[in-house]
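Structure at a glance
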Number of protein chains: 2
Amino acid sequence: MRVLGVDPGLTRCGLGMVEGRAGREVRALAVDVVRTPPDDEVAARLAAIADAVEAWIAEHRPDVVAVERVFSQHNVRSVIGTAQAGGVVALVAARAGLPVFFHTPSEVKAAVTGSGRADKAQVTAMVTRILALDTPPRPADAADALALAVCHCWRAPMMARMAAAEARAAELTRVHAAKVAAAGRTARRLPRV
Amino acid sequence: MRVLGVDPGLTRCGLGMVEGRAGREVRALAVDVVRTPPDDEVAARLAAIADAVEAWIAEHRPDVVAVERVFSQHNVRSVIGTAQAGGVVALVAARAGLPVFFHTPSEVKAAVTGSGRADKAQVTAMVTRILALDTPPRPADAADALALAVCHCWRAPMMARMAAAEARAAELTRVHAAKVAAAGRTARRLPRV
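Residues numbered from 1 in each chain as written. Chains lettered and ligands numbered in written order. Predicted model: local features only at pLDDT ≥ 70, side-chain atom pairs only at ≥ 80, totals over all residues. Heavy atoms only, no water.

1. With respect to the overall build of chain A
For clarity, the threshold we go by: Strands here mean DSSP runs of E at least two residues long; helices mean DSSP runs of H or I at least four residues long; both are numbered from the N terminus. With C-alpha atoms as the basis for the radius of gyration, the globule rule is written as 2.2 Å multiplied by the number of residues raised to the power 0.38. Summary of the burial criterion: residues with accessible area below 20% of their type's maximum are buried, those above 50% are exposed, and those between are partly exposed, where the area comes from a 1.4 Å probe applied to protein chains only. Contacts are assigned to residue pairs with any non-hydrogen atoms lying within 4.5 Å of each other. Here, Shrake-Rupley sampling with a 1.4 Å probe gives the accessible areas, and only protein chains in the shown set may cover a residue. Charged residues are defined narrowly, with Lys and Arg counted positive, Asp and Glu counted negative, and His plus the chain ends left uncounted. For the purpose of locating charges, the reference atoms are NZ of Lys, CZ of Arg, CG of Asp and CD of Glu.
Along chain A, the regular secondary structure elements total five helices and five strands. The secondary structure elements of chain A, listed N-terminal to C-terminal, are β-β-β-α-β-α-β-α-α-α. Relative to a compact globule of 193 residues, whose C-alpha radius of gyration would be 16 Å, chain A shows 22 Å and is clearly more extended. When its C-alpha atoms are laid out on the principal axes, chain A stretches across 85 × 40 × 35 Å. Within the span of chain A, comprising 193 residues, buried residues form 45% of the whole. Long-range contacts, defined here as pairs at least 24 residues apart, represent 63% of the contacts in chain A between residues at least 6 apart. Carbon and sulfur atoms make up 55% of the accessible area of chain A, which totals about 10,300 Å². The centroid of the 25 positive side-chain charges in chain A is displaced by 14 Å from the centroid of its 19 negative side-chain charges.

Put into structure tokens, the structure is as follows:
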């Protein structure tokens, strides 16, 4: 499974391609950071990001796109820019027919470092080690994009199992409700005592 | 000037087309609200919004797109969804070659009601009056989209004058700096006393 991890942002948008193989084996295929000038119009910056993501999808042919889920603990302006960029990335992926998954920063950190509260240096160090890279990916947005892709490779089987379990539970509930309804109908057909 | 006003949102995205004429005369051409099911994937919802805005641009041929600038006083989840939807609308507009302008909710309210703190009912009432509509646009997102378009029609000339004044000021600063530099060079050529 080839995963395009995206750490969305207007000023720097990290892109990382990772291939997940049998077990927990993962391999980095490409990494880059798209930069757009803060003085440009927001719409033009979003278009530049969309163009870059489209080019990456065409070149690297991912099976799925994993995007960082935005939280608002950061400052307001950057959250809004991040959400705008993330929305554009999700749109481009959807239009390319690719499934999009969102992972929170703490899910990503926990996946690669074991702690949901790891700092940037720790994430970069672990991404470098897990993917056996010669040099640590820079800037942090590049490392974060790879971490997101690795996180998706490792969480995807669990997410699939959970979805299957939920579907099974819903089916059991449906069958049970049908049995109760049938029992009720039978009871109504019995003569009152 | 034909303005497409957009009140972005994942659940309800208001679209309003307004034609600005000489003076403050404005006319409503179309209004609609795009709805996407909350249970759908975010990427699919964004794609539905993008499709609708593209269809509107193709049908109504606006000269400019005015989008509500997101603020974070509201609740976190809705701000992020709103920013994602707004980003997608800005992208679609940029790719259609249209300029995109953002106006804050208080700029919009002030433009149509005279007060930046007007409530939704007041905005709807004034939009109905200004555009001489037979019935108030419903839901509020539809009225807000029309209000945004009206706001842009009325603010655009002032924004253009301000941009021209800023460009003029920058040019004067440049000329002055060049004169100072030239005077410096002349001074250095004079014999020291």
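2. A closer look at the pattern of salt bridges
Here is the rule we go by: A carboxyl oxygen of Asp or Glu within 4 Å of a side-chain nitrogen of Lys or Arg is what we treat as a salt bridge.
Scanning the model with the defined rule gives 20 salt bridges over all chains in all. The residue D51 of chain A makes a salt bridge to R95 of chain B at a minimum N-O spacing of 2.8 Å. Placement of D51 of chain A in helix α1 (residues 42-60) and of R95 of chain B in helix α2 (residues 76-95) is noted, with the two residues assigned to different chains. Note that R27 of chain B is salt-bridged to E19 of chain B, the shortest N-O span being 3.2 Å. For E19 of chain B, a relative accessible area of 17% gives the class buried. Connected via shared salt-bridge partners are R2, E19, R21, E25 and R27 of chain A.

3. A short note on the side chain of H103 of chain A
Residue and element names in this part refer to chain A. Locating H103 in the fold gives a position in strand β5 (residues 100-103). Looking at H103, the relative accessible area reads 0%, which means it is buried. Excluding its chain neighbours within four sequence positions, the residues that come into contact with H103 are A66, V67, E68, R69, V108, L148, C151, H152, R155 and M159.

4. Overview of the interface of chain A and chain B
The following threshold applies: Two parts placed together each lose some accessible area under a 1.4 Å probe, and adding up what both lose gives the buried area. Any N or O atom pair separated by 3.5 Å or less is treated as a polar contact, with the protein-specific requirement of one donor-capable and one acceptor-capable atom, and with residues adjacent in sequence counted only for side-chain atom pairs. Under the scheme applied, nonpolar residues are Ala, Val, Leu, Ile, Met, Phe, Trp, Tyr, Cys and Pro; charged residues are Asp, Glu, Lys and Arg; polar residues are all the others, including Gly.
Each side of the interface is counted separately: chain A has 24 residues, and chain B has 24 residues. Between chain A and chain B, roughly 1,800 Å² of surface is buried when both sides are summed, and carbon and sulfur atoms account for 70% of that area. Ranking the residues of chain A by area buried against chain B places I80, L91 and R95 of chain A at the top, with a combined share of 26%. At the boundary of chain A and chain B, one finds four salt bridges. As a salt-bridge pair, R95 of chain A and E54 of chain B come within 2.9 Å of each other at their nearest N and O atoms. Here chain A is connected to chain B by four residue pairs in polar contact (both at pLDDT 80 or more). Tallying contributions element by element places helix α2 (residues 76-95) of chain A first for the side of chain A that touches chain B, with 11 residues. When the residues that make up the side of chain A that touches chain B are grouped by side-chain class, the tally is 17 nonpolar, three polar and four charged.

5. A short note on the sheet that holds strand β1 (residues 2-7) of chain A
Residue and element names in this part refer to chain A. The test is simple: Two strands pair if DSSP finds at least two bridges between them. Lines fitted to the C-alpha atoms define the axes, with helices restricted to the stretch that makes contact. Angles between their N-to-C directions range from 0 to 180 degrees.
Read across the open sheet, the five strands follow the order β3-β2-β1-β4-β5; overall the sheet is mixed. This sheet does not close on itself; its edge strands, each paired only once, are β3 (26-35) and β5. Across the sheet, the axes of successive neighbouring strands diverge by a mean angle of 20°, strand direction being ignored. Pairing between β1 and strand β4 (residues 64-68): four bridges, direction parallel. Across the sheet, the residue bridging to G5 is A66, located in β4. Its contacts with the sheet put helix α5 (residues 140-189) on β1, β2 (12-20), β3, β4 and β5, and the angle it makes with β2 is roughly 40°.

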